[in-house]
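Per-entry structural report
The residues making up each chain are set out below.
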Amino acid sequence: MSKFLVETHYTCTFKIVHELDELNEKALSEVDNRKDGKVEIVNVTVNNRKTKRSDGKKDVKSDLENIEISHNKNNPNTEKLKTELTNKDKNKTIKNKSNLNEKRFQMPDRRKGYIQKATIGDHKIYLHTGEYDDGKIGEIFIDTNKEGELVKALTNNFAIAISLGLQYGVPLEEFVDAFLDTKFEPSGKVYGNDRILSATSILDYIFRELAISYLGKEDLAHTPGINRSIEEDKSEKDDQFLKIVKNITSKGFVRSNYEEKLVDLSDVRINLKSKN
(Lines give C-alpha, C1' and ligand atoms only; values in the text may rest on other atoms or scores of the structure.)
Protein backbone atom coordinates (compact mmCIF):
# COMPACT_ATOMS: atom_id res chain seq x y z
CA MET A 1 0.00 0.00 0.00
CA SER A 2 1.46 3.35 -1.06
CA LYS A 3 1.78 6.24 1.37
CA PHE A 4 1.71 9.91 0.52
CA LEU A 5 3.07 13.03 2.18
CA VAL A 6 0.80 16.02 1.61
CA GLU A 7 1.75 19.63 2.33
CA THR A 8 -0.90 22.31 1.87
CA HIS A 9 -0.54 26.07 2.30
CA TYR A 10 -3.74 28.09 2.54
CA THR A 11 -4.92 31.42 3.90
CA CYS A 12 -8.19 31.52 5.83
CA THR A 13 -10.21 34.65 6.56
CA PHE A 14 -12.90 34.24 9.21
CA LYS A 15 -14.97 36.24 11.66
CA ILE A 16 -16.31 35.52 15.19
CA VAL A 17 -19.90 36.56 15.94
CA HIS A 18 -21.00 37.23 19.54
CA GLU A 19 -24.55 37.82 20.75
CA LEU A 20 -24.75 40.45 23.52
CA ASP A 21 -27.71 41.05 25.79
CA GLU A 22 -26.66 44.64 26.41
CA LEU A 23 -24.47 46.99 24.41
CA ASN A 24 -22.21 48.93 26.73
CA GLU A 25 -18.50 49.52 27.35
CA LYS A 26 -18.21 46.74 29.93
CA ALA A 27 -19.75 44.14 27.63
CA LEU A 28 -17.52 45.22 24.73
CA SER A 29 -14.38 45.02 26.88
CA GLU A 30 -15.19 41.41 27.81
CA VAL A 31 -15.90 40.26 24.25
CA ASP A 32 -12.42 38.83 23.69
CA ASN A 33 -12.72 36.61 26.78
CA ARG A 34 -16.11 35.13 25.87
CA LYS A 35 -16.25 31.49 24.70
CA ASP A 36 -19.70 31.52 23.09
CA GLY A 37 -18.66 33.11 19.79
CA LYS A 38 -19.64 31.51 16.47
CA VAL A 39 -16.90 31.19 13.84
CA GLU A 40 -17.90 32.02 10.26
CA ILE A 41 -15.48 31.49 7.38
CA VAL A 42 -15.33 34.43 4.96
CA ASN A 43 -12.76 33.20 2.43
CA VAL A 44 -10.18 30.46 2.01
CA THR A 45 -7.33 30.75 -0.52
CA VAL A 46 -5.27 27.67 -1.32
CA ASN A 47 -1.79 28.91 -2.17
CA ASN A 48 -0.02 25.65 -2.89
CA ARG A 49 -0.51 21.90 -2.60
CA LYS A 50 2.41 19.48 -2.85
CA THR A 51 1.95 15.72 -2.78
CA LYS A 52 4.88 13.32 -2.69
CA ARG A 53 4.86 9.53 -2.80
CA SER A 54 6.84 7.79 -0.11
CA ASP A 55 8.74 5.84 -2.81
CA GLY A 56 10.04 9.08 -4.35
CA LYS A 57 7.65 9.28 -7.33
CA LYS A 58 5.72 12.52 -7.76
CA ASP A 59 1.97 12.34 -7.66
CA VAL A 60 0.04 15.60 -8.00
CA LYS A 61 -3.33 15.65 -6.25
CA SER A 62 -6.28 17.96 -6.62
CA ASP A 63 -6.67 20.90 -4.26
CA LEU A 64 -10.11 19.58 -3.30
CA GLU A 65 -8.96 16.16 -2.06
CA ASN A 66 -8.70 15.65 1.67
CA ILE A 67 -9.33 19.31 2.55
CA GLU A 68 -11.07 19.66 5.89
CA ILE A 69 -12.04 23.10 7.15
CA SER A 70 -13.57 23.70 10.57
CA HIS A 71 -16.72 25.75 10.23
CA ASN A 72 -20.17 26.15 11.65
CA LYS A 73 -22.71 23.73 10.15
CA ASN A 74 -25.13 26.61 9.69
CA ASN A 75 -22.51 28.75 7.94
CA PRO A 76 -24.17 30.33 4.84
CA ASN A 77 -20.78 30.67 3.10
CA THR A 78 -20.14 26.92 2.93
CA GLU A 79 -21.60 26.39 -0.55
CA LYS A 80 -19.90 29.53 -1.84
CA LEU A 81 -16.58 28.26 -0.50
CA LYS A 82 -17.01 24.88 -2.19
CA THR A 83 -17.88 26.58 -5.49
CA GLU A 84 -14.79 28.82 -5.35
CA LEU A 85 -12.51 25.87 -4.64
CA THR A 86 -14.10 23.86 -7.46
CA ASN A 87 -13.58 26.68 -9.97
CA LYS A 88 -10.01 27.14 -8.78
CA ASP A 89 -9.30 23.44 -9.27
CA LYS A 90 -10.80 23.48 -12.78
CA ASN A 91 -8.81 26.56 -13.80
CA LYS A 92 -5.62 25.00 -12.49
CA THR A 93 -6.27 21.81 -14.47
CA ILE A 94 -6.92 23.77 -17.69
CA LYS A 95 -3.78 25.85 -17.14
CA ASN A 96 -1.66 22.73 -16.60
CA LYS A 97 -3.03 21.17 -19.79
CA SER A 98 -2.29 24.32 -21.79
CA ASN A 99 1.27 24.36 -20.47
CA LEU A 100 1.75 20.80 -21.68
CA ASN A 101 0.65 21.83 -25.17
CA GLU A 102 3.21 24.63 -25.36
CA LYS A 103 6.34 23.51 -27.17
CA ARG A 104 9.50 25.44 -27.82
CA PHE A 105 11.14 24.79 -31.16
CA GLN A 106 14.84 24.79 -30.35
CA MET A 107 17.26 26.41 -32.77
CA PRO A 108 19.82 24.15 -34.46
CA ASP A 109 23.31 24.28 -32.99
CA ARG A 110 24.75 25.35 -36.35
CA ARG A 111 22.43 27.84 -37.99
CA LYS A 112 22.19 30.26 -40.86
CA GLY A 113 21.51 33.97 -40.69
CA TYR A 114 22.94 37.35 -41.60
CA ILE A 115 24.26 40.59 -40.07
CA GLN A 116 22.98 43.98 -41.23
CA LYS A 117 24.84 47.13 -40.20
CA ALA A 118 23.05 50.47 -40.43
CA THR A 119 23.33 53.97 -39.00
CA ILE A 120 20.47 56.12 -37.72
CA GLY A 121 21.74 59.58 -36.82
CA ASP A 122 24.95 58.98 -34.88
CA HIS A 123 23.87 55.54 -33.70
CA LYS A 124 25.14 52.36 -35.31
CA ILE A 125 22.89 49.31 -35.15
CA TYR A 126 23.99 45.76 -35.87
CA LEU A 127 21.11 43.33 -36.44
CA HIS A 128 22.00 39.63 -36.22
CA THR A 129 19.49 36.93 -37.21
CA GLY A 130 19.36 33.17 -36.76
CA GLU A 131 17.33 30.83 -38.94
CA TYR A 132 15.94 27.31 -38.81
CA ASP A 133 16.94 24.80 -41.46
CA ASP A 134 13.89 25.77 -43.57
CA GLY A 135 14.90 29.45 -43.58
CA LYS A 136 12.34 30.61 -41.00
CA ILE A 137 13.68 33.18 -38.55
CA GLY A 138 14.04 31.98 -34.97
CA GLU A 139 16.16 34.55 -33.13
CA ILE A 140 17.58 38.07 -33.32
CA PHE A 141 20.42 39.93 -31.63
CA ILE A 142 20.72 43.72 -31.49
CA ASP A 143 24.01 45.52 -30.86
CA THR A 144 24.34 49.31 -30.60
CA ASN A 145 27.08 51.80 -29.86
CA LYS A 146 27.13 55.13 -27.99
CA GLU A 147 24.58 53.76 -25.54
CA GLY A 148 24.76 53.41 -21.77
CA GLU A 149 24.81 50.09 -19.97
CA LEU A 150 21.12 50.38 -19.09
CA VAL A 151 20.02 50.88 -22.71
CA LYS A 152 22.26 48.07 -23.93
CA ALA A 153 20.89 45.71 -21.28
CA LEU A 154 17.29 46.58 -22.19
CA THR A 155 18.05 46.13 -25.90
CA ASN A 156 19.67 42.74 -25.36
CA ASN A 157 16.83 41.48 -23.20
CA PHE A 158 14.26 42.81 -25.67
CA ALA A 159 15.97 40.75 -28.40
CA ILE A 160 15.87 37.68 -26.13
CA ALA A 161 12.13 38.17 -25.53
CA ILE A 162 11.46 38.42 -29.28
CA SER A 163 13.57 35.31 -29.91
CA LEU A 164 11.68 33.30 -27.30
CA GLY A 165 8.40 34.39 -28.83
CA LEU A 166 9.51 33.25 -32.28
CA GLN A 167 10.69 29.90 -30.92
CA TYR A 168 7.35 29.33 -29.19
CA GLY A 169 5.47 29.91 -32.42
CA VAL A 170 4.54 33.60 -32.36
CA PRO A 171 4.38 34.69 -36.03
CA LEU A 172 6.84 37.36 -37.11
CA GLU A 173 3.86 39.28 -38.54
CA GLU A 174 2.57 39.91 -35.00
CA PHE A 175 5.82 41.58 -33.95
CA VAL A 176 5.95 43.60 -37.17
CA ASP A 177 2.41 44.91 -36.62
CA ALA A 178 3.20 45.76 -32.99
CA PHE A 179 6.47 47.66 -33.45
CA LEU A 180 6.25 49.11 -36.95
CA ASP A 181 6.03 52.94 -37.03
CA THR A 182 6.93 53.30 -33.34
CA LYS A 183 8.37 56.77 -32.78
CA PHE A 184 11.28 57.73 -30.53
CA GLU A 185 14.84 58.95 -30.92
CA PRO A 186 17.11 58.20 -32.67
CA SER A 187 15.14 58.54 -35.87
CA GLY A 188 15.53 59.97 -39.37
CA LYS A 189 17.71 58.94 -42.29
CA VAL A 190 19.12 55.41 -42.43
CA TYR A 191 22.54 54.77 -43.93
CA GLY A 192 23.93 51.36 -44.85
CA ASN A 193 20.67 49.61 -45.79
CA ASP A 194 19.87 49.39 -49.51
CA ARG A 195 16.10 48.97 -48.96
CA ILE A 196 15.36 51.29 -46.02
CA LEU A 197 16.18 55.00 -46.27
CA SER A 198 14.49 56.32 -43.12
CA ALA A 199 12.96 55.09 -39.87
CA THR A 200 10.95 56.61 -37.05
CA SER A 201 12.90 54.64 -34.41
CA ILE A 202 15.31 51.75 -33.98
CA LEU A 203 12.40 49.33 -33.51
CA ASP A 204 10.70 50.64 -36.65
CA TYR A 205 13.92 50.04 -38.60
CA ILE A 206 14.54 46.55 -37.21
CA PHE A 207 11.08 45.15 -37.86
CA ARG A 208 10.84 46.90 -41.23
CA GLU A 209 14.09 45.15 -42.21
CA LEU A 210 12.84 41.76 -40.93
CA ALA A 211 9.50 42.17 -42.71
CA ILE A 212 11.24 42.88 -46.03
CA SER A 213 13.81 40.10 -45.67
CA TYR A 214 11.65 37.29 -44.26
CA LEU A 215 8.05 38.18 -45.12
CA GLY A 216 8.57 39.71 -48.55
CA LYS A 217 6.70 42.91 -47.62
CA GLU A 218 7.99 45.08 -50.46
CA ASP A 219 5.48 47.81 -49.61
CA LEU A 220 7.55 48.61 -46.50
CA ALA A 221 10.73 49.21 -48.52
CA HIS A 222 11.74 52.63 -49.83
CA THR A 223 13.63 51.34 -52.88
CA PRO A 224 12.39 48.88 -55.52
CA GLY A 225 13.50 45.28 -55.23
CA ILE A 226 14.73 42.94 -57.91
CA ASN A 227 11.82 41.53 -59.91
CA ARG A 228 11.38 37.81 -59.43
CA SER A 229 11.25 35.85 -62.64
CA ILE A 230 9.89 32.75 -60.93
CA GLU A 231 7.56 32.68 -57.91
CA GLU A 232 8.98 31.24 -54.72
CA ASP A 233 6.05 28.90 -54.12
CA LYS A 234 6.79 26.93 -57.30
CA SER A 235 9.46 24.90 -55.59
CA GLU A 236 8.65 21.77 -57.58
CA LYS A 237 10.18 23.43 -60.67
CA ASP A 238 13.47 24.22 -58.93
CA ASP A 239 16.39 22.22 -60.18
CA GLN A 240 18.63 20.27 -57.85
CA PHE A 241 21.27 23.00 -57.73
CA LEU A 242 18.83 25.66 -56.55
CA LYS A 243 17.47 23.35 -53.82
CA ILE A 244 20.99 22.79 -52.54
CA VAL A 245 21.61 26.55 -52.54
CA LYS A 246 18.43 27.16 -50.50
CA ASN A 247 19.61 24.68 -47.88
CA ILE A 248 22.94 26.42 -47.33
CA THR A 249 22.02 30.08 -47.94
CA SER A 250 20.37 32.48 -45.51
CA LYS A 251 16.86 33.34 -46.69
CA GLY A 252 17.04 36.72 -45.00
CA PHE A 253 20.41 37.56 -46.55
CA VAL A 254 19.26 37.02 -50.15
CA ARG A 255 15.71 38.17 -49.29
CA SER A 256 14.34 35.01 -50.96
CA ASN A 257 15.73 36.15 -54.33
CA TYR A 258 17.83 33.04 -54.86
CA GLU A 259 17.79 32.98 -58.65
CA GLU A 260 18.47 36.71 -58.99
CA LYS A 261 21.30 36.71 -56.44
CA LEU A 262 23.13 33.56 -57.52
CA VAL A 263 24.74 32.34 -60.73
CA ASP A 264 24.19 28.72 -61.75
CA LEU A 265 27.52 27.17 -62.72
CA SER A 266 26.39 23.55 -62.50
CA ASP A 267 26.69 23.02 -66.30
CA VAL A 268 30.09 24.66 -66.66
CA ARG A 269 32.93 22.23 -67.25
CA ILE A 270 36.54 23.25 -67.02
CA ASN A 271 39.22 21.10 -68.60
CA LEU A 272 42.68 21.62 -67.25
CA LYS A 273 45.46 20.30 -69.42
CA SER A 274 49.01 20.33 -68.19
CA LYS A 275 51.74 21.46 -70.55
CA ASN A 276 54.50 19.02 -71.27
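Small disclaimer: the values here were computed from a predicted structure and weren't measured.

**With respect to the overall build of the chain**
Counting its regular elements, the chain contains eight helices and seven strands. Counting all 276 residues of the chain, 30% fall into the buried class. Long-range pairs, those at least 24 residues apart, make up 56% of the contacts in the chain with a sequence separation of at least 6. Surface accessibility of the chain: about 19800 Å² in total, with carbon and sulfur atoms responsible for 51%.

**Digging into the confidence of the model for the chain**
Looking at the chain, pLDDT values average 75 and 63% of them are 70 or higher. The element-level mean pLDDT for the chain is lowest in helix H8 (residues 258-261), coming to 56, with helix H4 (residues 172-179) highest at 93. Here residues 60-73 is a poorly scored stretch, pLDDT under 50, and it has 24 contacts once near neighbours within four places are set aside; other chains count. A low-confidence stretch, residues 227-236 stays under pLDDT 50, and its non-local contacts, those more than four residues away or across chains, total 12 contacts.

**Here's the deal with the nonpolar core**
Counting residues in hydrophobic clusters, the biggest one holds 29 residues, and the most contacted among them are Ile140, Tyr205, Ile206, Phe207 and Leu210. Of all the elements in the fold, those that place two or more residues in this core are strand E3 (115-120), strand E4 (123-131), strand E5 (137-144), helix H3 (149-167), H4 and helix H5 (202-214). The dominant element in this core, judged by the number of residues it contributes, is H5, at nine residues. Other than its neighbours up to four places away in sequence, Phe207 contacts Phe158, Ile162, Phe175, Val176 and Phe179.

**Here's the deal with the environment of Tyr205**
Relative to the helices and strands, Tyr205 resides in helix H5. With a relative accessible area of 0%, Tyr205 lands in the buried category. Expressed as a C-alpha distance, the spacing of Tyr205 and Asp181, which sit 24 residues apart in the sequence, is 8.6 Å. Excluding residues within four positions of it along the chain, Tyr205 makes contact with Gln116, Ala118, Ile120, Ile125, Val190, Asn193, Ile196 and Ala199. A polar contact of 3.4 Å, which involves the side chain of Tyr205, links it to the side chain of Asn193.

**As for the side chain of Glu131**
Tracing the backbone through its elements, the reader meets Glu131 in strand E4. We note that Glu131 is buried and unpaired, the nearest opposite charge coming from Lys112 at a distance of 4.5 Å. In this structure the side chain of Glu131 is engaged in a polar contact, spanning 2.7 Å, whose partner is the side chain of Tyr214. Once residues within four sequence positions are removed from consideration, Glu131 is found in contact with Met107, Pro108, Arg111, Lys112, Gly113, Lys136, Ile137, Gly138, Tyr214, Ser250, Lys251 and Gly252.

**Points about the pairing of E4**
Examined bridge by bridge, E3 and E4 share six bridges and lie antiparallel to one another. For Thr119, the partnering residue across the bridge sits in E4 and is Lys124. Linkage of E3 to E4, two consecutive antiparallel strands, is achieved through a turn of two residues, within which Gly121 is found at a positive phi near 65°. Here E4 runs beside E5; their pairing, made up of seven bridges, is antiparallel. Each residue of the ladder has a partner; that of Leu127, found in E5, is Ile142. Taken together, E4 and the strand that follows it, E5, pair antiparallel across an intervening segment of five residues, in which Gly135 is found at a positive phi of about 90°.

**Some points on the environment of Arg195**
Along the chain, the position of Arg195 falls in the loop between strand E6 (188-191) and strand E7 (198-199). At a separation of 2.7 Å, a polar atom in the side chain of Arg195 contacts the main-chain carbonyl oxygen of Thr223.

**A closer look at H5**
Every α-helix winds through 3.6 residues per turn, so residues three or four apart in the chain are directed the same way. If you check H5, its first and last C-alpha atoms are 18 Å apart, about what 13 residues at 1.5 Å a residue would give, namely 18 Å. Most of H5 sits inside the fold, with 13 of its 13 residues counted as buried. Note on H5: the residue one or two positions beyond its end, Gly216, has a positive phi of about 70°.

**Quick look at H4**
What H4 keeps buried is the set Leu172, Phe175 and Val176. For H4, the arc enclosing every buried residue in end-on projection is 100°, short of the 170-degree limit, so these residues lie on one face. In this structure, the buried side of H4 is in contact with E5, H3 and H5.

How each quantity is defined
Residues numbered from 1 in each chain as written. Predicted model: local features only at pLDDT ≥ 70, side-chain atom pairs only at ≥ 80, totals over all residues. Heavy atoms only, no water. Helix = DSSP H or I, 4+ residues; strand = E, 2+ residues; numbered from the N terminus. Buried < 20%, exposed > 50% of the residue type's maximum accessible area, 1.4 Å probe, protein only. Contact = heavy atoms within 4.5 Å. Areas by Shrake-Rupley, 256 points an atom, 1.4 Å probe, with all protein chains shown as cover. pLDDT = per-residue confidence, 0-100. Core = buried A, V, L, I, M, F, W, Y, C linked by side-chain atoms within 4.5 Å. Polar contact = N/O pair within 3.5 Å; in protein donor to acceptor, adjacent residues only side chain to side chain. Lys, Arg positive; Asp, Glu negative; His and termini not counted. Salt bridge = Lys/Arg side-chain N within 4 Å of Asp/Glu carboxyl O. Pairing = 2+ DSSP bridges. Expected span 1.5 Å × (residues − 1). Arc of directions from axis to C-beta.

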